[in-house]
Amino acid sequence: MNLQIALLLGQDGVTNGAIYALLALSILLVFTVTRILLIPQGEFVTYGALTMATIQAGEPTPLAWLLLALTVTECALDVLARYRAGRGLRVDRGMLGKLAWCAALVISVYHLPLASLPVAAQALLTLCLVVPLGPRLYRLFFQPIAGATPLVLLIVSIAVHVAMVGVGLLLFGPEGARTTPFSQAGLELGPVTLNSQTLWVLALSLVLIIALFLFFGRSLYGKALQATAVNRNGARLMGISPELAGKATFAMAAFIGCLSGILIAPITTLYFDSGFIISLKGFVGAIIGGLVSYPLAALGALAVGLVEAFSMFWASNYKEVIVFTLIIPFLLWRSLRSHHVEEDA
Amino acid sequence: MNQVNNPLLEVKDLSVAYGKVEALSNASLAVGQGQIVTVIGPNGAGKTTLLSAIIGVLGSRGQVSFDGRLEAVPEVEVLVGRGLGLVPEKRELFSSMSVEDNLKLGGFMRYRQRDRYLDASLMEVYSLFPRLLERRKQAAATLSGGERQMLAVGRALMAKPKLLMLDEPSLGLAPLITREIFRIIAQLRGQGVSILLVEQNARAALKVADYAYVLETGQVAMQGPAAQLATDPRVIDAYLGAASKHQAMLAS
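Attention here is on the structure that accompanies the text. Worth saying up front: this structure is predicted, and the values here are computed from it rather than measured.

What follows covers the overall build of chain A. Across its full length, chain A carries 15 helices and 2 strands. The C-alpha atoms of chain A give a radius of gyration of 21 Å, which matches the 20 Å a tight globule of 345 residues would have. Expressed along its principal axes, the backbone C-alpha trace of chain A runs to roughly 70 × 55 × 35 Å. In chain A, buried positions account for 48% of the 345 residues. For chain A, contacts bridging at least 24 residues in sequence account for 77% of all contacts bridging at least 6. For chain A, the exposed surface amounts to about 15700 Å²; the carbon and sulfur share of it is 70%. A distance of 11 Å separates the average location of the 19 positive side-chain charges in chain A from that of its 15 negative side-chain charges.

Enumeration over the complete set of coordinates arrives at 21 salt bridges over all chains. Among the ionic pairs, Arg136 of chain B bridges to Glu100 of chain B, the shortest N-O distance being 3.8 Å. Pair noted here: Arg136 of chain B is in the loop between helix H6 (130-134) and helix H7 (145-157) and Glu100 of chain B is in helix H3 (residues 99-106), with a separation of 36 residues, a long-range link. Classification of Arg136 of chain B by relative accessible area gives partly exposed; the value is 33%. As a salt-bridge pair, Glu147 of chain B and Arg135 of chain B come within 3.4 Å of each other at their nearest N and O atoms. Here Glu147 of chain B is found in helix H7, whereas its partner Arg135 of chain B is found in the loop between H6 and H7, with 12 residues between them in sequence. Residue Glu147 of chain B is classed as buried on the basis of its relative accessible area, which comes to 3%. Each of the salt bridges in this network shares a partner with another, and the network as a whole consists of Lys281, Glu308, Lys319 and Glu320 of chain A.

Next up on the list: the interface of chain A and chain B. At the interface, 23 residues of chain A touch 29 residues of chain B. The junction of chain A with chain B conceals about 2500 Å² of combined surface from both sides, 63% of it contributed by carbon and sulfur atoms. If you sort the residues of chain A by the area they bury against chain B, Leu220, Leu237 and Met238 of chain A come out on top, with a joint share of 29%. Of the charged contacts, one joins Lys223 of chain A and Asp101 of chain B as a salt bridge, the two residues approaching to 2.8 Å between their closest N and O atoms. For the side of chain A that touches chain B, the secondary-structure elements that each account for two or more residues are helix H9 (220-230), helix H10 (232-237) and helix H11 (242-264) of chain A. No other element matches H9 of chain A, which puts 7 residues into the side of chain A that touches chain B. Split by residue class, the side of chain A that touches chain B holds 13 nonpolar, 6 polar and 4 charged.

Right, let's talk about unusual backbone geometry for a bit. All names here are of chain B. Positive phi is not limited to glycine here, since Arg91 has a value of about 70°. Position of Arg91 relative to the elements: it lies in the loop between strand S6 (84-87) and H3. Positioned with a positive phi, Arg114 is a non-glycine residue whose angle comes to about 60°. Among the secondary structure elements, Arg114 is positioned in the loop between helix H4 (108-112) and helix H5 (118-128). Looking at Arg114, the relative accessible area reads 73%, which means it is exposed.

Residues and elements named next belong to chain A. Orientation of helix H2 (residues 41-56) relative to H11, taken along the N-to-C sense of each, is 50°, at an axis distance of 7 Å. One way to sum up the angle between H2 and H11 is to call them oblique. Considering how the two elements wind past one another, H2 and H11 form a crossing that is right-handed. Only Ala253, Ala254, Gly257, Cys258, Ser260, Gly261, Ile262 and Ile264 of H11 make contact with H2, whose side of the interface consists of Gln41, Phe44, Val45, Gly48, Ala49 and Met52. Class assignment for the residues of the contact of H2 with H11 results in 9 nonpolar, 5 polar and no charged.

Parameters at a glance
Here the residue numbering is sequential within each chain, running from 1 through the sequence in written order. Lettering of chains starts at A and numbering of ligands starts at 1, both following the order in which they are written. Restriction of local features to residues with pLDDT of at least 70 applies here, the model being predicted, together with a cutoff of 80 or more for giving and counting side-chain atom pairs; totals for whole chains, interfaces and linings are based on all residues. As a convention, hydrogens and water are excluded, and side-chain values are obtained from all of the structure's heavy atoms. Put simply, DSSP H or I for four residues or longer makes a helix, DSSP E for two residues or longer makes a strand, and each gets a number counted from the N terminus. We take the radius of gyration over the C-alpha atoms and set the globule estimate at 2.2 Å times the residue count to the 0.38 power. A 1.4 Å probe rolled over the protein chains alone gives each residue an accessible area, and that area as a share of the maximum for its type sets the label: buried under 20%, exposed over 50%, partly exposed in between. In what follows, a contact means two residues having at least one pair of non-hydrogen atoms within 4.5 Å. Here the open area of atoms and residues is found with the Shrake-Rupley method and a 1.4 Å probe, where only the protein chains shown may cover a residue. Positive charges come from Lys and Arg, negative ones from Asp and Glu, while His and the chain ends are left out of the count. Every charge is mapped onto a representative atom, which is NZ of Lys, CZ of Arg, CG of Asp or CD of Glu. Note on definitions: salt bridges are taken to be side-chain nitrogens of Lys or Arg within 4 Å of carboxyl oxygens of Asp or Glu. Summed over both partners, the accessible surface that disappears when two parts come together, traced with a 1.4 Å probe, is what is meant by buried area. Following the grouping adopted for this structure description, the nonpolar residues are Ala, Val, Leu, Ile, Met, Phe, Trp, Tyr, Cys and Pro, the charged ones are Asp, Glu, Lys and Arg, and the polar ones are all others, Gly among them. Angles here are taken between N-to-C directions and fall from 0 to 180 degrees, while the axes themselves are lines fitted to C-alpha atoms, restricted in helices to the stretch in contact. Oblique is the label for any angle not under 35 degrees, not over 145, and not in the 65 to 115 range, which are roughly parallel, roughly antiparallel and roughly perpendicular in turn. Take the far helix as the reference: if the near one is turned anticlockwise from it by less than a right angle, the crossing is left-handed, and if turned clockwise, right-handed.

This is how it looks when you write it as structure tokens:
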């Protein structure tokens, strides 16, 4: 191995690591706020990548119909719940807004000249289609059992994952997809040329991580989500609804996943079922952070990316084995030094 | 019955059951504008259950009407938004967050409604509890018992509640701090906040309150103006016995 190969592998590792870091943060965020281990995180990645590919191929994506169907179901359930609570049959402005949004998306995927749109507009449309899936999934599958134990939540999470993989096959077909890079230029850096997509991935990941940091450290909405994670009852008494917090975190998870998908689609070929393995690597990162520490999780995920890249070079058959073996020493270490702490009164 | 014109809070026949055990049966009470109403009673009488049911943390049967509107099913978020606050017995602070963040989150509903006077409220809370100003950067978990209670009350005040429900505010506090808390309760009424106070320290509670209910085994056993109950021989026997005489000193 010479310097050039090391740099190339490093570039690969850091690129993937940045994506894993985003996913790790997202998994951590959802877990701390809702106690749900978000197995379908990877599906947001594949849905994002494959939707982007469909749009670039100029075909109307059937994802818009799925979104519409989920939204109609959600609104129907909300109306029913309100009726049962004795507040009468009423459709409020929020519901109409959601339905109008979905209808507008259905119309635009059929009538816009998708293939000839600029890349930024295609990415935006993809985000508009995929991100609302997050809160819909929370409302339909998790909100009714929000008080259940983490194990039950995990089981439902796995079920949602399996269903989403199946639906992904229906929507996008079995073929893999790769999209065109955002730009063609590269950056000469010593002996290697940095791929422009790599730079996009790194820059956007960094921006997103800083944005998340500011959101949770500075804004009261971020602190409200954090408060839900720290003390659910206390947060409820402040009028911070756990439902709203759940939907907000799922929206953020879907956004992060979808954006990651759009970012890596030009680098790797993704299939309808590629999401699981990607999010598992993010999960390894999150575990390294002990499912509590954001910076540790991000660093852990970055390490996962690098280890993966270098093991691809030395022992490519054992690539996944090596990556997932990483988790064992950390689990051991965590189990040895963690002690159960009672919730503070 | 507590005779008040257009009561702020009116509860009728409220019942809560944990499985088959009825913790609260057909409790009725009212709190008028600017009143301090106290609910006293022994451990396990259902006092905390009563408050939890009123604000909607617990499911219940019966009627709760707050600020002139009947809640078919009380929902926490709705009631908090309409000006009902609860300082729970367990405080439920955001322990890993700073004192100031805790207070700011207390005003979350107002922040959502774009209330521009949040900073003024923060200053008011700090002037009420100067200790919190000193410790505003500290994590809530590092506070002493009394400071935590102050933080819990301050956090609830940030929402500018019309009615503040306090669950055992003196529980586990040193006598001098208890006195401080009761002084503040009286002071809050001066600022137009009505208070529903649940207390084990009956003597102090009766001294500060206008009207009182005695809750025993989930039912309202006695009620009347606080001054009158304080001289009722049954209340004196059960709650104000010689053993608890020192409580009066703390309430002064």
